[in-house]
Amino acid sequence: IPGGQMPEDEVLPELIGPEIHQVLREQALLEQQYESVSNPASNEPVKGLPDFETLDDELRHSSRVVSRMLTEDRAIVDKVEASMGGFERDASMMKFLDTFKELKHQIFQKMSTSVEE
């Protein structure tokens, strides 16, 4: 999710389901925390957040979960795009959809690559 942004839309949970929506919200939060910890304004550790290694592990795990969800339900991006037909798309929603498309493309590439490669 680019820049840790999550489009605020009451229709989104209905389209992709509450479980997937919650995972995406958690992913966005982890990305915001990761950015805060990896680029602090000062050299002091950020208070109230886990250390860099912990956030890195959590973010990697969360990214795998999101990728797995996209693999299991390949129509998520299509559902969201179809629902937006005729509506004006805002920048954060477009970034959100572009990220989904990119993850979907990467997953399909990995699935089509043989083990020997």
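Note: the structure precedes this text.
Residues numbered from 1 in each chain as written. Predicted model: local features only at pLDDT ≥ 70, side-chain atom pairs only at ≥ 80, totals over all residues. Heavy atoms only, no water.

As a further point, take the nonpolar core. Within the largest apolar cluster, 16 residues are counted, with the highest numbers of intra-cluster contacts made by Ile16, Ile20, Leu24, Leu70, Ile76, Phe96 and Phe100. Residue assignment for this core shows that the elements contributing at least two residues are helix H1 (12-16), helix H2 (18-38), helix H3 (52-72), helix H4 (76-83) and helix H5 (91-112). Residue contacts for Ile76: discarding those within four places in its chain leaves Ile16, Ile20, Met69, Leu70 and Phe100. (Core = buried A, V, L, I, M, F, W, Y, C linked by side-chain atoms within 4.5 Å. Buried < 20%, exposed > 50% of the residue type's maximum accessible area, 1.4 Å probe, protein only. Helix = DSSP H or I, 4+ residues; strand = E, 2+ residues; numbered from the N terminus. Contact = heavy atoms within 4.5 Å.)

With 22 residues, H5 ought to run about 32 Å at 1.5 Å a step, and its terminal C-alpha atoms sit 32 Å apart, in line with that. Along H5, the positions that sit buried rather than exposed are Met93, Phe96, Leu97, Thr99, Phe100, Lys104 and Ile107. Burial along H5 is one-sided: seen end-on, the buried residues are contained in an arc of 155°. Exposed and oriented more than 90 degrees from the buried face of H5 are Ala91, Lys110 and Ser112. (Expected span 1.5 Å × (residues − 1). Arc of directions from axis to C-beta.)

Another point: the environment of Lys47. As for its placement among the helices and strands, Lys47 is situated in the loop between H2 and H3. For Lys47, a relative accessible area of 76% puts it in the exposed group. Separated by ten residues in the primary sequence, Lys47 and Val37 place their C-alpha atoms 9.4 Å from one another.

Moving on, we get to the packing of H2 against H3. Geometrically, a packed helix pair is captured by the angle between its two axes and the distance between the axes. For the pair H2 and H3, the least separation of the axes is 9 Å and the interaxial angle reads 150°. The angle between H2 and H3 places the two elements in the roughly antiparallel class. With respect to the hand of their crossing, H2 and H3 are arranged in left-handed fashion. Listed contacts from H3 to Glu19, Ile20, Val23, Leu24, Gln27, Leu30, Glu31, Gln33, Tyr34, Val37 and Ser38 of H2 are Phe52, Leu55, Asp56, Glu58, Leu59, Ser62, Ser63, Val65, Val66 and Met69. Across the contact of H2 with H3, the residue classes tally to twelve nonpolar, five polar and four charged. (Axes fitted to C-alpha atoms, helices over the stretch in contact; angles between N-to-C directions. Parallel < 35°, antiparallel > 145°, perpendicular 65-115°, else oblique. Left-handed = near helix turned anticlockwise from the far one by under 90°. Nonpolar A, V, L, I, M, F, W, Y, C, P; charged D, E, K, R; others polar.)

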